[in-house]
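# Chains, contacts and geometry: an overview
Chain residues, written in single-letter form:
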Amino acid sequence: MAATPLPRVDSSFPNSARIYDYMLGGKDNFAADRAAAQRMIEANPSAPFTARANRAFIRRAVRYAAVEAGVRQFLDIGAGLPTRENVHQVALRAAPESRVVYVDHDPVVVVHGQALLATSPQVTMINQDLRRPDEILCHAETRALIDFDRPVCVLLAAVLHFVADREDPAAIVRRLRDALAPGSHLVISHTTDESPALIMNAARRGFQNAGSPLTPRPRSAVLDFFEGFELVDPGLVPVEDWRPDDDTAPATAQPAWVLAAGVAHKP
């Protein structure tokens, strides 16, 4: 059987996952990604802080789910590149029997991620889109690692703001919720409409040029995504304020790109 050809990487076109990687201080990015990121940073010097704060929130949320809630299965949708101390590293360190499925819609990101994860049999990455949740839930690799009759932690970190209102993100989250067993957890971080217009306009332009239009939402709309779940303390708060610890990025005096974040469990 002939090998499936790998997707061609167009290094001249920016990619939202690689922009994020650059802001995290990573090396898995190209000149076009760095240029797009720098344009955002010029308008908002705190943008790398926001990226680091979001990644630190993910680590704290995964640690909470694994250590305090006893969850051993993680489904990270819209994961981007699985680098820079991500879900599988935190989960496996907390509980070596943990299993992790990363999901991203970009085939180039997925191929790169699969190469990075090649030595981790309890971790996989699949090419699917959050907008089609049934295809994620029914995917053979998802089913091979995750038992939906047992608690699962679903992460939607900095991804729902790339789903337009016309695509009904609330219905997508409800479909994921309905597939989860009691004791499961939902982790969300989301760009709100609380940031200064200059910052959001720069972010919108940057992600639009990378093929990922951004939809900031009121915090009340983000809260609605948790329907059917019970938020754990401290509720829905700015991403850096969710159970901060020594790993939390230090505050910045610059005008902020605001991400609201929360973790909830399914009764």
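On a predicted model such as this, the values are computed, not experimentally measured, just so you know.

Another point: the pattern of salt bridges. Under the criterion given, the structure shown has 12 salt bridges. Residue Arg 175 is joined to Asp 134 by a salt bridge in which the shortest nitrogen-to-oxygen separation is 2.5 Å. Remark: Asp 134 occurs in helix α6 (residues 133-138) and Arg 175 occurs in helix α8 (residues 169-178); sequence separation between them is 41 residues. For Arg 175, a relative accessible area of 30% puts it in the partly exposed group.

Orientation of helix α3 (residues 47-68) relative to helix α4 (residues 87-94), taken along the N-to-C sense of each, is 30 degrees, at an axis distance of 9 Å. Comparing their axes, α4 and α3 come out roughly parallel. The handedness of the crossing between α3 and α4 is right-handed. Mapping the contact onto sequence places Ile 58, Arg 59, Val 62, Arg 63, Ala 66 and Val 67 in α3 and Val 87, Val 90, Ala 91 and Ala 94 in α4. When the residues that make up the contact of α3 with α4 are grouped by side-chain class, the tally is 8 nonpolar, no polar and 2 charged.

Attention now goes to the nonpolar core. Core analysis: the largest hydrophobic core is formed by 51 residues, its most contacted members being Phe 57, Phe 74 and Trp 257. The biggest single contributor to this core is α3, with 11 residues. Leave out the neighbours within four places in its chain, and Phe 57 touches Val 187, Ile 188, Ser 189, Val 239, Trp 242, Ala 261, Gly 262 and Val 263. Counting residues in each nonpolar core, the second largest holds 30 residues, with Ile 146, Leu 160, Val 163 and Val 222 among its members.

All of the buried residues in α8 are Pro 169, Ile 172, Val 173, Leu 176 and Arg 177. The buried residues of α8 occupy an angular sector of 140 degrees when projected down its axis, which confines them to one face.

Right, let's talk about the packing of aromatic side chains for a bit. In the structure shown here, the tally under the stated rule is 2 aromatic pairs. Ring centres of Phe 57 and Trp 242 lie 5.7 Å apart, and the angle between their planes is 80 degrees; on these two criteria the pair is classed as edge-to-face. In this pair, Phe 57 is assigned in helix α3 and Trp 242 in the loop between β7 (237-238) and β8 (259-265), connecting sequence segments 185 residues apart. Classification of Phe 57 as buried rests on a relative accessible area of 0%. For Trp 242, a relative accessible area of 0% puts it in the buried group. Considering the side-chain rings of Tyr 64 and Trp 242, the 6.1 Å spacing of their centres and the 80 degrees angle between planes classify their relative orientation as edge-to-face. With a gap of 178 residues between them, Tyr 64 in helix α3 and Trp 242 in the loop between β7 and β8 connect regions that are remote in the sequence. By the burial criterion, Tyr 64 is buried, and Trp 242 matches it. Taken together, Phe 57, Tyr 64 and Trp 242 form an aromatic cluster joined through their ring pairs.

With that settled, the discussion passes to α4. What α4 keeps buried is the set Val 87, His 88, Val 90 and Ala 91. Each buried residue of α4 sits inside an arc of 165 degrees when the element is viewed along its axis, so together they form one side. The inward-facing, buried residues of α4 contact α3, β1 (73-77), β2 (99-104), β3 (123-127) and β4 (153-157).

The rules behind each value
Residues numbered from 1 in each chain as written. Predicted model: local features only at pLDDT ≥ 70, side-chain atom pairs only at ≥ 80, totals over all residues. Heavy atoms only, no water. Salt bridge = Lys/Arg side-chain N within 4 Å of Asp/Glu carboxyl O. Helix = DSSP H or I, 4+ residues; strand = E, 2+ residues; numbered from the N terminus. Buried < 20%, exposed > 50% of the residue type's maximum accessible area, 1.4 Å probe, protein only. Axes fitted to C-alpha atoms, helices over the stretch in contact; angles between N-to-C directions. Parallel < 35°, antiparallel > 145°, perpendicular 65-115°, else oblique. Left-handed = near helix turned anticlockwise from the far one by under 90°. Contact = heavy atoms within 4.5 Å. Nonpolar A, V, L, I, M, F, W, Y, C, P; charged D, E, K, R; others polar. Core = buried A, V, L, I, M, F, W, Y, C linked by side-chain atoms within 4.5 Å. Arc of directions from axis to C-beta. Phe/Tyr/Trp six-rings, centres within 6.5 Å; stacked < 30°, edge-to-face > 60°.

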